[in-house]
Amino acid sequence: MLGNHHSSLFLQPICTDVRAPEEIFADFEVLIGQLQHHRPLSPEYFSAMKAKLSDLAHAYCGTPVDAGDFLMNKDCLKAIKSLRSNEKICITKPDKGSGVVILNRADYNMKMESILQDSSKFTNLGPADMNDNTRKLEMKLQRRLLKLKKDGVLPSNLYESLRPTGSQRPRMYGLPKTHKDNVPLRPILSMCGSAQHNLAKWLNTVIEPVRSLYTHHCVRDSFKFVDELKRAKLNPSNVFLSSFDVKSLFTNVPLSETFEICADALYDGTLEPPKLPREIFLELLQTATSSVEFSFNDTMFRQCNGISMGSPLGPSLADIFVGYHEKKLFENVTKPLLYFRYVDDTFVAFKNERECNNFFEKLNCLHPALQFTEEKETDAALPFLDVLVERSGQTFLTSVYRKPTFTGHYIRWDSFCPKRRKLNLISSLVNRALRLCSTEKLSRELDDIHLILSKNGYPDHILKCSISRVLKKSDTAPKYGPEKCPAFLHLPWLGNVSSRFEKLIKSAVHRCYYSVNTHVVYTTKPLLPNSRKDVLPAFDASNVVYQYKCHCDSRYVGRTSQRLFERIKQHIPKLIRSKTCANERTELARQCKLAAKTDCYDDYQAYASSIGQHLSENLACAQHYDDNMFTVIARGRSVFHLKVLESTIIQLSKPILCRQKDFLYNLQISH
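Everything in this summary refers to the structure shown in the same document. (Residues numbered from 1 in each chain as written. Predicted model: local features only at pLDDT ≥ 70, side-chain atom pairs only at ≥ 80, totals over all residues. Heavy atoms only, no water.)

Quick notes on the sheet that holds strand 21 (residues 555-560)
Pairing is antiparallel in the open sheet, where three strands are placed in the order 21-20-22. The two strands at the open ends of the sheet, each matched to only one other strand, are strand 21 and strand 22 (630-635). Going from strand to strand, the sheet's axes swing by 25 degrees on average, the running direction of each strand aside. Relative to strand 21, strand 20 (residues 544-549) runs antiparallel, the two sharing six bridges. Residue pairing across strands places Tyr546 opposite Gly558, the latter belonging to strand 21. Lying on the sheet, helix 26 (residues 639-653) is in contact with strand 20, strand 21 and strand 22; it crosses strand 21 at an angle near 170 degrees. (Pairing = 2+ DSSP bridges. Helix = DSSP H or I, 4+ residues; strand = E, 2+ residues; numbered from the N terminus. Axes fitted to C-alpha atoms, helices over the stretch in contact; angles between N-to-C directions. Contact = heavy atoms within 4.5 Å.)

Dropping the structure here:
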């Protein structure tokens, strides 16, 4: 359904994740690498474990997907493929809850652009291909952090963790609020991998004491809220319930004022200040939050005010700003009977409705950036987060609250994914009911869970057994003692055959390491995309394994934590890359070769590269050189995984140009 309407399309949410054999071998290598921190039972047991894991890795690569477990018919797959290729629609997930939302692409762009047109918060910089300043921002931050290190402000280990490398530009996308009229979008800024991301994560730990100082009235989740409500000593029959919500809190938080609140608390209050001067602390906060440049629909924007939804500092700074003014309010105003806040949502209990109205007026006069909306109780009941609070006689009754737009769709029993994921869904829903529901409401909620999951294809006997097991476990005292150290193995889901492999893998590791608990994490690819982030150019990718395929079919495989185009510059002599004429490239290659022999060539790094040497020694290859001969062949989850992935691919493919690889990771599994 297109136009101004939206449609929730609920399908089997996952499909097969076909990966190259070298990626599977690399994941087994990563598992063994995690075990290096533990002592094996004996060297013989360790050798036996490696041999067994090697056999299992080869067998897993040769095992086809169990098509019998994949029940979606060809017509459904054909329809999904058609949806994915339709450029007139936008496929995403809802802001809250599960499902898939299909929007008209023009409507989606219009709603996002209406948000970005607010000149008080965003500045339009122009097309992304001409105005992407990610590299400049990265270099500027690198230079500043290096200066702080040389001045003794930042220790070396902290400098290395904060120094950005291979930064990606932030990208904004919107999640539809399907529970609201006209389906507005919640803007989300993906900051992972950006130049400021590591700095923001560290600063978040620095200001955590300030957050604790101003969050006495906060609850961290709905479970904590219910616990606090149970401890409240008041008669519910004599109270009036209301909830307040701050309008667009994140984008309205005044940064400079909030920074000063943090600095005053850390440097002028009772808290222990960080080991850096106040002015440097404020400067780093400013760098990590303000003037963030991002793209939407291949257009660059700069956020000039407020905090980005997606920044690690966002929730902390919002909590501090609201909590600071909240504290000032209660110094002059009588505190309500109950007051609980979760970021921008507040649950309040008053003696009567008149007190509620007076308090609401004072809230809206608290600060120009804080404008509240109000929801009052209806029929002695009020929802807050995912809890429905009811006033009943002398007690509060709580139960699970589901919005009117709740569809009842969860992952289906016949979905192509591990069975334990479906069983864990049952357990999590029952555990939530146990922790949120009052005794009077629990039986009804368990019946609802049974009915909802039955409609999703869950067998009746599975539901009854799983619910009974969780209820029985809740009555059993928890066991205390040392826990085994987890080790993780990422594998693509092949069907039920993967579960048999999992048992063999866990058994092989357990025989050698009693202190390790092996977790196999199965990955699958979504049938439909769940966000509409801009696609970055391939040459901007970082933390990747890349391949160079020459005109003569010679190959080179390497890894880089930088952006790929920067690594290409280090491989190819500058003069060869700068010319487009083949004849000029040939002449330049001769010059490079002659200059290298006379030891006067200034682009030494590129010539020292295997690729640079190859081009200089083979004039026909230099003549046909093109940047598109470089391609990304794999992506790393971490520095260690990237190193192992490169080594595995080189050992399996044996590229002829990889002759300077003495620094490669020493693989444990023979391929």
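Examining helix 8 (residues 197-206)
Since there are 3.6 residues in each turn of an α-helix, residues three or four apart along the chain are aligned in direction. The buried count for helix 8 comes to seven of ten residues, which makes it a mostly enclosed element. Among all positions in helix 8, only His197, Leu199, Ala200, Trp202, Leu203, Asn204 and Val206 are buried. The inward-facing, buried residues of helix 8 abut helix 6 (134-150), helix 7 (156-162), helix 9 (208-213), helix 12 (255-268), helix 13 (278-289) and helix 14 (314-332). (Buried < 20%, exposed > 50% of the residue type's maximum accessible area, 1.4 Å probe, protein only.)

Let's talk about a nonpolar patch on the surface
A contiguous nonpolar patch, built from Leu41, Tyr45 and Tyr514 and spanning about 330 Å² of accessible area, is present on the exposed surface. Here Leu41 shows up in the loop between helix 1 (21-35) and helix 2 (43-61). (Patch = residues over 30% accessible without salt bridge, like charges linked within 9 Å, V, L, I, M, F, W, Y side chains within 5 Å. Areas by Shrake-Rupley, 256 points an atom, 1.4 Å probe, with all protein chains shown as cover. Salt bridge = Lys/Arg side-chain N within 4 Å of Asp/Glu carboxyl O.)

Section: the packing of aromatic side chains
Counted according to the given criterion, the structure contains 24 aromatic pairs. Judged by centre distance (5.0 Å) and plane angle (70 degrees), the ring pair of Phe225 and Phe347 falls under edge-to-face. Placement of the pair is Phe225 in helix 10 (residues 222-231) and Phe347 in strand 12 (residues 345-350), with a sequence separation of 122 residues. Here Phe225 and Phe347 have matching classes, each one buried. (Phe/Tyr/Trp six-rings, centres within 6.5 Å; stacked < 30°, edge-to-face > 60°.)

Considerations on the nonpolar core
Of all hydrophobic cores here, the largest spans 58 residues; its most connected members are Trp202, Leu203, Phe244, Leu249, Phe281 and Phe359. Those residues within four positions of Phe359 in sequence are excluded, and the remaining contacts are Phe244, Leu329, Phe330, Val333, Pro336, Tyr339 and Phe350. (Core = buried A, V, L, I, M, F, W, Y, C linked by side-chain atoms within 4.5 Å.)

A word on the sheet that holds strand 13 (residues 372-376)
Strand order in the open sheet formed by four strands is 11-12-8-13, with antiparallel pairing between adjacent strands. Sheet topology places strand 11 (338-342) and strand 13 at the edges, where each strand pairs with a single neighbour. Strand-to-strand, the axes of this sheet are offset by a mean angle of 20 degrees, without reference to chain direction. Packed onto the sheet, helix 10 meets strand 11 and strand 12 and runs at close to 175 degrees relative to strand 11.

With respect to helix 13
With twelve residues, helix 13 ought to run about 16 Å at 1.5 Å a step, and its terminal C-alpha atoms sit 17 Å apart, in line with that. Among the residues of helix 13, those classed as buried are Ile280, Phe281, Leu282, Leu284, Leu285, Ala288 and Thr289. Each element contacted by the buried residues of helix 13 is listed here: helix 6, helix 8, helix 12, strand 9 (292-296) and helix 14. Two residues or fewer past helix 13, Ser291 is found with a positive phi of approximately 55 degrees. (Expected span 1.5 Å × (residues − 1).)

Section: the pattern of salt bridges
Across all of its chains, the model carries 33 salt bridges by this definition. In this structure, Glu87 engages Arg105 in a salt bridge whose closest nitrogen and oxygen atoms are separated by 4.0 Å. Of this pair, Glu87 sits in the loop between helix 3 (74-85) and strand 3 (89-92) while Arg105 sits in helix 4 (residues 105-116), and the two are 18 residues apart along the sequence. A salt bridge links Arg278 to Asp268; the shortest N-O distance between them is 3.1 Å. Taken together, the residues span a long stretch of sequence, with Arg278 in helix 13 and Asp268 in helix 12 at a distance of ten residues. It is possible to trace a salt-bridge network through shared partners that takes in Arg135, Glu138, Arg563 and Glu566.

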